[in-house]
Amino acid sequence: MQRRLFSGEQEIQSWKTLTVTTHRVILWASVGGEQSSTSLMLMKIEWTRIARTHQPLLLLLALLFLVGGLLFSQFAMNALIVLFGAAIITMLAYLGSRKIALQIGAGDGRIEVVLGSAQALRDSARDFLDIVDSAAAAAQRGHAIVHQGART
């Protein structure tokens, strides 16, 4: 599913599944045979970041299961086993929720691309976000976007 460019719109830079154009940032994704695409208009972009994300409620829930297992272990060994098992599963879910992601936000819209742990990948993601920030700032000021010596 390739997005069509607007009349007068030109691609500035692509990185992985992201493309920044003179008008917007486009994410193209394919998961399990399903293809989707999301775009955010440069004029609407409010923030970009590379962030570590996780689900801390899962960690709290695992702790509650663990404490519950210890409390109920006096009454029934089965409760201890079930609650400890639930604590382990919930802890594994928490560990699975931890990730580093490139994020771009515009109002209620958001683009997120999960990054690996390699520093080089994070550095190239940061370079791409610098280009997005520059293009968004230029678009919001109403100026033509200049990138790598080429005026678009």
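Residues numbered from 1 in each chain as written. Predicted model: local features only at pLDDT ≥ 70, side-chain atom pairs only at ≥ 80, totals over all residues. Heavy atoms only, no water.

Take the pairing of strand β7 (residues 109–115) next. Bridge count between strand β6 (residues 99–106) and β7: 7 bridges; the pairing is antiparallel. What sits directly across from Gly-105, in β7, is Arg-110. The hairpin formed by β6 and β7 contains 2 residues between the paired strands, and Gly-107 there has a positive phi angle of roughly 60°. (Pairing = 2+ DSSP bridges. Helix = DSSP H or I, 4+ residues; strand = E, 2+ residues; numbered from the N terminus.)

We now examine the pattern of salt bridges. Within this structure, the stated rule accounts for 4 salt bridges. One salt bridge connects Arg-24 with Glu-9, and the closest N-O pair in it is separated by 2.9 Å. Taken together, the positions of Arg-24 in strand β3 (residues 24–31) and Glu-9 in the segment before β1 (11–15) put the pair 15 residues apart, joining distant regions of the chain. Under the relative-accessibility criterion, Glu-9 is labelled buried at 6%. Taking the shortest distance from any N to any O, the salt bridge between Arg-126 and Asp-123 comes out at 3.1 Å. Taken as a pair, Arg-126 and Asp-123 lie in helix α3 (residues 119–141) at a separation of 3 residues, close to a single helical turn. Residue class for Arg-126 comes out partly exposed when judged on its relative accessible area of 39%. On the basis of relative accessible area, Asp-123 is assigned to the partly exposed category, the value being 33%. (Salt bridge = Lys/Arg side-chain N within 4 Å of Asp/Glu carboxyl O. Buried < 20%, exposed > 50% of the residue type's maximum accessible area, 1.4 Å probe, protein only.)

We now examine the sheet that holds β3. The sheet built from 4 strands is open, its strands ordered β1-β2-β3-β4 with antiparallel pairing. Where the open sheet ends on each side, the last strands, each with one partner, are β1 and β4 (34–41). This sheet shows a mean twist of 15° between the axes of neighbouring strands, independent of strand direction. Each of β1, β2 (18–21) and β3 touches α3; the most contacted strand, β1, lies at about 160° to it. (Axes fitted to C-alpha atoms, helices over the stretch in contact; angles between N-to-C directions. Contact = heavy atoms within 4.5 Å.)

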